[in-house]
Structures are given as structure tokens and as C-alpha cells.
Amino acid sequence: MGIEALAFPSRQVALLTVAVALVELVTPVPVVLGYLYVLPLLLLSETAPPARIWRYVALSCALTLANLVVPHITPPDGSVLTNRLIVCGALVLSASQCVRIQALQRQRLQLEGQLAVADLRRDFVATLAHDLKTPILGTIATLRSLSNQGERRHDPQLQRRLATIERGQNRALQQIQTLLEVYRNDAEGLRLQRQAVDLTRLVEDVIRDLAALAEERQLSLQLGFGESSQRQPHSLWGDGAQLRRLVENLLINAIHHSLRGSCIRVQLSDHGSGHRLLVADGGPGVPEEEIPRLFQRFQRLSEERPGSGLGLYLCRQIVSAHGGSIGLRNRPGGGAEIDVVLPPGEPEAAGEARNGRSAHSAVEG
């Protein structure tokens, strides 16, 4: 009957199929027993691929209909034919459900594998970051001790070199912290500690802190307030530590991608009831095909550029958790500009809880 050609996963399936076919042969034609083929079908579906399942269903339907003429040719009877066609339809429906269940099981196994890999990666990253932070913190402490010792304190050239090394160690420490935050935010969602934040002062503090790094690369940092020439206050309800991290990452990214001697312009302005932060670098700009991928994990424009490719991804997490938006565009005069829009926020506890719960899903979207 061609059953062995189907290469069933077990002899049991073949024997059951033969048994059902023989019972059909010795049973009067009006009695339809083709539905019994569902038993070997269920066994087959445990291991067989979908194509083999459908071939078996085709064989089962053929055997069910063949019983109309084997072993004796029976005059056509509409009710008998209808019953056998209904059985064939039931077999097809059963096969489709088996295939669907197989697909769901594969998805479940794949998801479980991805979760296991993610847990392993997260544990590895946390352990590695902890092991790296310890010697870096020790190096920073040693540098500060050397800077404060006797004659070294009055040697300007040595002080500059020690300060340069310390800034490098601090940047490495910051990259490790960024890596930890990114993985924690992906796993748990970014939990905000909302409070009243003076955004203007926060941006000014970050510019002051990064002035030495910009000067080292012969760059200037300039803060403006849109069309106004006067300092404008900007306050919102958000997480001050995360917003500071956002501004730091944006400025460090601009410093890394700006050409020596250029100017990095930071603009704070109103945007409806919220606020807009623009950071324009003095670099060559970004290839248009790269822009959609810039805010993904480990996405870097060039291997020669410093950084881990996580800074802008973390910025996206922070902005999304605050209910804002972030994007990048090239400026007509050269360079790139990152545009961040932040809503005023919600001082109510309910708003805080809602944003905390939805942070992770907002980032993934």
C-alpha cells in the first residue's frame, strides 16, 4: 500500500494504519471507520515534520474513499459518499491542528532557549562588569593619591597627564555602568524615581563636567535657548539621575563624533507643554541608511570611533521611559543633530507607577 515509503517514525504507526485499512475492508461500505486513522496521525505528529503529516493525511483520505470500490464496487450512494467526505475533512482538520501545535511547541522551545541565553548573558555581563570595575576603581584611587603627593602636586605637566589617565579610567567605568544599566533595563524595565528636575541647571552642570574632555579634543560646548538670548528655566517631573545620564551620553557621543576645532551646540527650548533638547555635533554627519539603526544595541558608525555602541540605546530607553521621543537627522550645513522631546511629566503617584510599569514595553517598541 506504499505505507513504508512514507518513512514513518515508528513501526507502531505503520501497523495501526494497516490495521485500520483491513478493518475498513471487512466492514460493510455504509459503516465508515476512516476516523480511526486519527490515532496513527496523532502518533505521527509527535515527531514527523509537517510535510510527512500531510502525506499521511492524503493516504488516509485515499484509503477511506477507496473502500467504496475495494473489495467490491458499490453503486454510488450519496449519503455514504458524504459521510466518507466528512471523515476526510475531519482528518484534514486534525492534521492542521497537529501542525499548528507543532509550530507552537517550536516557538515555545525557541523562546525558552532565548530566555536561557539571555539569563546566561546577563549573569556573564554582571560578573564581568564587577570584575572590571574593581581594578579601574583601584587605578583611579591610585591616580588621585599620586596627584596629591608632595612634589608631584606642583608639576603641571605631570598633573595634566595624571588627569588624562583618570578621565580615561572614568570613561571606562562609565561604559561598564552603561552596559549594566542597559541589560537591567531590558530585563526589568527602567524604573523611574520621579521628582521635580531643573533641566536647565542639569544641562549646565553636565556641560561644565565635560568641558575638560571637550577641551582635550579642541572642541567648544555652547548652550543656547532657542530664539531667546537669555537663560530660560526649564523644569519637568522626571528622574534626575536618568536625565543626567541622558544628557551626558548625548554630549559624549557628540564629542566623539566631532572634528577637532568644531563647536557642539546644545539648545533648550519649549515644545508645547514639554521641552525640546537639541544636541548638534561638528562631525561629518551620519549616512542616511545608518540612521534607523543608530538607537539599537551595539550599533556603531565606525570601529575606529570610541564607545561601546550602547550610549544611544540607553538614551532611547531613558527617553521612552519618560514618555518622550528621540531622533537624529543630518544638518544641511554638516554634522548631525539629535532631537529629544520630553513631556512635562506627571507629579501624581499614579502617573509615576504607570510610567514605571510601561517603561520596558515602550523601549522595545
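Residues numbered from 1 in each chain as written. Predicted model: local features only at pLDDT ≥ 70, side-chain atom pairs only at ≥ 80, totals over all residues. Heavy atoms only, no water.

Regarding the packing of helix H7 (residues 240-257) against helix H8 (residues 311-321)
The test is simple: To get an axis, a line is fitted to the C-alpha atoms, and for a helix only the part in contact is used. The angle between two axes follows their N-to-C directions and goes from 0 to 180 degrees. Under the DSSP-based scheme used, a helix requires at least four consecutive residues in state H or I and a strand at least two consecutive residues in state E, with every element numbered from the N terminus. Definitions for this section: a left-handed crossing has its near helix turned counterclockwise from the far helix by less than a right angle. A right-handed crossing has that turn clockwise. Whether two residues are in contact is decided by their heavy atoms, any of which lying within 4.5 Å being enough. We call Asp, Glu, Lys and Arg charged. Ala, Val, Leu, Ile, Met, Phe, Trp, Tyr, Cys and Pro are nonpolar, and the rest, Gly among them, are polar.
It is at 9 Å that the axes of H7 and H8 come closest, and there the two elements cross at 145 degrees. Here H7 runs over H8; the crossing is left-handed. Residues Gln242, Leu243, Arg245, Leu246, Asn249, Leu250 and Asn253 of H7 touch H8, and the partners they reach there are Gly311, Leu312, Leu314, Cys315, Ile318 and Val319. Across the contact of H7 with H8, the residue classes tally to eight nonpolar, four polar and one charged.

Examining the packing of helix H6 (residues 199-216) against H7
The N-to-C vectors of H6 and H7 enclose an angle of 35 degrees; their axes lie 10 Å apart at closest approach. Considering the relative orientation of H6 and H7, their crossing is right-handed. Two secondary-structure elements touch here, H6 through Leu202, Val203, Asp205, Val206, Ile207, Asp209, Leu210, Leu213 and Ala214 and H7 through Gly240, Leu243, Arg244, Val247, Glu248, Leu251, Ile252 and Ile255. For the contact of H6 with H7, the per-class residue count stands at twelve nonpolar, one polar and four charged.

A few points about the pairing of strand S7 (residues 336-342)
Which entries qualify depends on this criterion: The buried label goes to any residue with under 20% of its type's maximum accessible area, the exposed label to any with over 50%, and the partly exposed label to all in between, with areas taken from a 1.4 Å probe on protein chains only. When DSSP locates at least two bridges between a pair of strands, those strands are taken to pair.
In terms of burial, S7 is a largely internal element, seven of the seven residues being buried. Of the two faces of S7, both are covered, the one formed by Ala336, Ile338, Val340 and Leu342 as well as the one formed by Glu337, Asp339 and Val341. Where strand S5 (residues 274-280) lies against S7, six bridges are found, and the strand directions are antiparallel. Note on S7: the bridge partner recorded for His275 is Leu342. Looking at chain direction, strand S6 (residues 325-330) and S7 are connected through six bridges and run antiparallel. When the sheet's bridge partners are listed, Ser325 is paired in S7 with Val341. Between S6 and the antiparallel strand that follows it, S7, lie five residues; Gly334 among them carries a positive phi value of about 110 degrees.

A few points about the nonpolar core
Quick note on the threshold: Throughout this description, the term nonpolar core refers to a set of buried Ala, Val, Leu, Ile, Met, Phe, Trp, Tyr and Cys residues connected via side-chain atoms within 4.5 Å.
Residues Leu250, Leu251, Leu277 and Val340 are the most contacted members of the largest nonpolar core, which totals 43 residues. Of all the secondary-structure elements, those providing two or more residues to this core are H6, H7, strand S4 (263-271), S5, H8, S6 and S7. Once residues lying within four places of it in the same chain are set aside, the contact partners of Leu251 are Val206, Ile207, Leu210, Ile264, Val266 and Val279. Val20, Leu44, Leu63 and Val99 belong to the second largest nonpolar core, which has 19 residues in total.

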